[in-house]
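Working through the structure, step by step
One-letter residues, chain by chain:
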Amino acid sequence: MLAPRLPRLPGPVPFVISTRMSFFDVIVVGAGHAGCEASLAAARLGCRTLLLTMNLDAIGQMSCNPAVGGTAKGHLVREIAIQLKTLNQSRGPAVRSTRAQCDRARYRAVAKQAVEREPRLEVRQAHVARLLVDRGRVVGVEDQLGVRFPARAVVITAGTFLRGLIHVGMSRVSAGRAGEFASNELSDALRALGLELGRLKTGTSPRLKRSTIDYAALEAQWGDREPWPFHWATTRVTLRQVACHLTYTTPATHEVIRENLDRSPLYSGMIEATGVRYCPSIEDKVVRFADRERHQVILEPDGLETEEVYANGISTSLPLDVQERLVRSIPGLERAEIMRPGYAIEYDFVHPTQMRPTLECRDVPGLYLAGQINGTTGYEEAAALGMWAGINAACAVQERAPFLPTRAESYMAVLVDDLVTKGTLEPYRMFTSRAEYRLLLREDNADLRMVPHGVLLGLVPAARGDEIESRRARVDLTIERLRTRRVGSASAFQLLCRPGTGYRDLATLDPDLDVDDVHVARQVEVSAKYEGYIRRMLADVERFRRSEERLLPDDLDYQTVPGLSTEIRERLAAVRPRSLGQASRVPGVTPAAISVLAVWICSLSTSRVREPVPS
């Protein structure tokens, strides 16, 4: 039975628990990539969890292109493909990444099935409008109908829905994405809590009708012959693999765009929000790179049973009639029909330096944020943040230690640390170059790095942990075996260090070597070819670890620390770093300031030790 309808309130709602209300440990608002991961993580940790979404049919919706992974993003995902491809195969293992073309409908169906069938996870359709607050702490949410849902922790994963505004030419409409309502009241509720919000922009390309594309004129791009699935339990890919196709814009395309820039909301002043630097619209490409005669367009099938094809590379907010001319000026698309036009979307985000490393809002206990609301862009970043927030919300509810791997352990930690320490003024995208220790954070060792955390949390079965440790032991034994196997004046391990020598080549020297264990083979080969680099990097990691272990008091008054400039005091007080290491990464904080802070913390610790114990 629904609670009585309440008057609409502008912000957080003072809260009193009613015996008629269902009480949850964790509530997750939003069921995109971040919301699905957050709710599944919390439920699997044993929390009674509620997932609220405005549309049950849009759970796991891929709003942009139908692909997951890619450079650095594949590292995040490794923890429903119709094409799997390893990028950067000719380069080093630190930057090799898997990218999967997904069947959009199948992906959405699998995501929906996963959350609906998860024990301890309830899924309901509701448009959350307000936050319930008790003595400064968020303790639940309220929807537009006045129904209240109390909880011990709330995770907001609103994506692009906070005051979302879609632009197509001079037309604009309030929406979270095409065809769905925006969330305006929730944005107001976050502001009412004192959180500082900003404005960002992203966009999509038009979707074309497959049967109207001249594929004979285009270059086919196939995936790997032996695809390497993201998940450890997937041994082979069963869906039929299909090709993407490559084409390019032409001078005629660019002329169409230049002639109509006055009708573009990007160049007419209608859009003021900051867009994605590394994924510009076709208008931006033509203007910013005026000397380029063409730009790449990849035609990505949306699925096996649909006519829709995503034209990746021509994200645009131009009017529909201009989009049609633009598309038909591209080779192979002369008769292509647009099934869904491209559009730009503006939306609110919360400046992420207001969060703790757990993704809990520092001044609003009980409230966690994950996904594009943190200022990121991309499915993979959203999913990683969702899992991180869901785990930490559950740990807080259960009074367990937080889940806080370091930058030396995972790309997720790099992502979180960059956001909460440095913040962002544009949509944040993950790159391998953002990770100092990227040679240690490879796709091929992601399970070796992260499964022990999963076992400790209870998210990964102990048997899986034993399997990982067994593989780790096999790698160590194989390396030792190759070090002791002599071939003339060199060991087999030294031979493996040489360019052009692969793990399989050693089988002629050691017939008993198991070359079919691809996981072990990859680990051993990387260990050999990058031994010197890895050794030096591990020494750096040890120094990094020591600085991260020097924790700063959460209530430290930086105004009392002598020797710090006013500017640095303000920066440290705004971020409130958890450790001396995090403090060193706060923009504008100098090495000299870190030295001063280190001495102060040391003296503070000593004085506390010397304090007499009260009788």
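This is a predicted model, so every value here is computed, not measured.

The rules behind each value
Residues numbered from 1 in each chain as written. Predicted model: local features only at pLDDT ≥ 70, side-chain atom pairs only at ≥ 80, totals over all residues. Heavy atoms only, no water. Helix = DSSP H or I, 4+ residues; strand = E, 2+ residues; numbered from the N terminus. Rg over C-alpha atoms; globule rule 2.2 N^0.38 Å. Areas by Shrake-Rupley, 256 points an atom, 1.4 Å probe, with all protein chains shown as cover. Lys, Arg positive; Asp, Glu negative; His and termini not counted. Charge placed at Lys NZ, Arg CZ, Asp CG, Glu CD. Salt bridge = Lys/Arg side-chain N within 4 Å of Asp/Glu carboxyl O. Buried < 20%, exposed > 50% of the residue type's maximum accessible area, 1.4 Å probe, protein only. Contact = heavy atoms within 4.5 Å. Core = buried A, V, L, I, M, F, W, Y, C linked by side-chain atoms within 4.5 Å. Pairing = 2+ DSSP bridges. Axes fitted to C-alpha atoms, helices over the stretch in contact; angles between N-to-C directions. Expected span 1.5 Å × (residues − 1). pLDDT = per-residue confidence, 0-100.

1. Remarks on the overall build of the chain
Within the chain one finds 17 helices and 23 strands. Relative to the 2.2 N^0.38 estimate, which gives 25 Å for 615 residues, the radius of gyration of the chain is 26 Å and therefore close to what a compact globule would have. Its C-alpha atoms give the chain principal-axis dimensions of roughly 80 × 80 × 50 Å. Only carbon and sulfur atoms are counted for the fraction: they give 52% of the accessible area of the chain, which is about 27,600 Å². The chain carries 81 positive and 74 negative side-chain charges, and their two centres are separated by 1 Å.

2. Digging into the pattern of salt bridges
The tally for this structure, following the rule as stated, stands at 46 salt bridges. The salt bridge partner of Asp517 is Arg474, with a shortest N-O separation of 2.9 Å. Of the two residues, Asp517 sits in the loop between α12 (492-497) and α13 (518-529) while Arg474 sits in helix α11 (residues 462-484), which places them 43 residues apart along the sequence. You can call Asp517 buried: its relative accessible area is 16%. Judged by its relative accessible area of 34%, Arg474 is partly exposed. A salt bridge links Arg535 to Glu531; the nearest nitrogen and oxygen atoms lie 3.4 Å apart. Placement of both Arg535 and Glu531 in helix α14 (residues 531-549) is noted, with a separation of 4 residues, approximately one turn of the helix. Judged by relative accessible area, Arg535 falls into the exposed class, the value being 53%. Among the residues examined, Glu531 registers a relative accessible area of 23% and is labelled partly exposed. One salt-bridge network, in which partners are shared between bridges, spans Arg407, Asp417, Asp418, Lys422, Glu436, Glu548 and Arg585.

3. A short note on the environment of Lys201
Secondary-structure assignment places Lys201 in strand β13 (residues 197-204). The exposure class assigned to Lys201 is buried, which follows from its relative accessible area of 9%. Leaving out residues up to four positions away in the same chain, Lys201 has contacts with Leu266, Ile271, Ala273, Thr274, Gly275, Val276, Ala344, Ile345, Glu346, Tyr347 and Pro427.

4. Observations regarding the nonpolar core
Among the nonpolar cores identified, the biggest contains 78 residues, and Ile27, Ile156 and Leu367 are the most heavily contacted of them. At 10 residues, the largest contribution of residues to this core is made by helix α8 (residues 379-397). When residues no more than four places from it in sequence are discounted, the contact partners of Ile156 are Val29, Leu131, Leu186, Leu367, Tyr368, Leu369, Ala370 and Ile373. Residues Ile257, Val297, Leu299 and Val309 belong to the second largest nonpolar core, which totals 21 residues.

5. Section: the sheet that holds strand β20 (residues 343-350)
Backbone hydrogen bonds hold the strands of a sheet together, and the pairing may be parallel or antiparallel. The 4 strands are arranged β12-β11-β20-β13 in an open sheet whose pairing can be described as antiparallel. The open sheet has two free edges, formed respectively by β12 (171-174) and β13, since each of these has just one partner strand. Between one strand axis and the next, the sheet turns by 25° as a mean value, whatever way the strands run.

6. Some words on helix α1 (residues 33-44)
With 12 residues, α1 extends 17 Å from end C-alpha to end C-alpha; this agrees with the ideal 16 Å at 1.5 Å per step. Where burial is concerned, most of α1 is hidden: 10 out of the 12 residues are buried. For α1, every residue scored as buried is listed here: His33, Ala34, Gly35, Cys36, Ala38, Ser39, Leu40, Ala41, Ala42 and Ala43. Contact partners of the buried residues in α1: β2 (24-29), β3 (49-53), α3 (104-117), β7 (121-125), β10 (148-156) and α8.

7. Topic: the environment of Asn312
Mapped onto the elements of the fold, Asn312 is located in strand β18 (residues 308-312). Sequence spacing of Asn312 and Ile330 is 18 residues, and the spatial spacing of their C-alpha atoms is 13 Å. When neighbours within four sequence positions are excluded, Asn312 is seen to be in contact with Asn65, Arg99, Ser205, Gln296, Val297, Ile298 and Glu300.

8. Let's talk about the pairing of strand β11 (residues 165-168)
Pairing geometry for β11 and β20, over 3 bridges, is antiparallel. Across the sheet, Leu165 pairs through a bridge with Glu346, a residue of β20. Relative to β12, β11 runs antiparallel, the two being bridged by 4 bridges. Paired with Ile166 across the strands is Val173, a residue of β12. The hairpin formed by β11 and β12 contains 2 residues between the paired strands, and Gly169 there has a positive phi angle of roughly 60°.

9. A few points about unusual backbone geometry
Even without a glycine there, the phi angle at Arg120 is positive, about 70°. Mapping Arg120 onto the fold places it in the loop between α3 and β7. Here Arg135, not a glycine, exhibits a phi torsion of approximately 50°, which is positive. Here Arg135 shows up in the loop between β8 (128-134) and β9 (137-143). A residue is classified by how much of its surface remains accessible, and Arg135, at 79% relative accessible area, is exposed.

10. Examining α11
Between its terminal C-alpha atoms α11 stretches 33 Å, which fits the 33 Å expected from 23 residues at 1.5 Å a residue. For α11, every residue scored as buried is listed here: Arg464, Gly465, Ile468, Arg471, Val475, Thr478, Ile479 and Leu482. Lining the buried residues of α11 we find α10 (446-457), β23 (490-491), α12 and α13.

11. Here's the deal with the side chain of Lys285
Structurally, Lys285 can be placed in helix α6 (residues 282-288). The side chain of Lys285 is buried and forms no salt bridge, while Glu283, the nearest opposite charge, is found at 9.3 Å. Those residues in contact with Lys285 that lie beyond four places of it in its chain are Pro280, Ala290, His295 and Gly313.

12. A closer look at the confidence of the model for the chain
In this model, the chain carries an average pLDDT of 90, and 91% of its residues clear a pLDDT of 70 or more. Below pLDDT 50 for its whole length, residues 1-10 participates in 17 contacts with residues either more than four positions away or in separate chains.

13. A word on the sheet that holds β18
Taken in spatial order, the 6 strands line up as β15-β16-β17-β18-β14-β19 in an open sheet, and their pairing is antiparallel. This sheet does not close on itself; its edge strands, each paired only once, are β15 (219-221) and β19 (338-340). The mean angle between the axes of side-by-side strands here comes to 35°, regardless of whether they run parallel or antiparallel. Here strand β17 (residues 296-301) pairs with β18 via 4 bridges, running antiparallel. Looking across to β18, one finds that Leu299 is bridged to Ala311.

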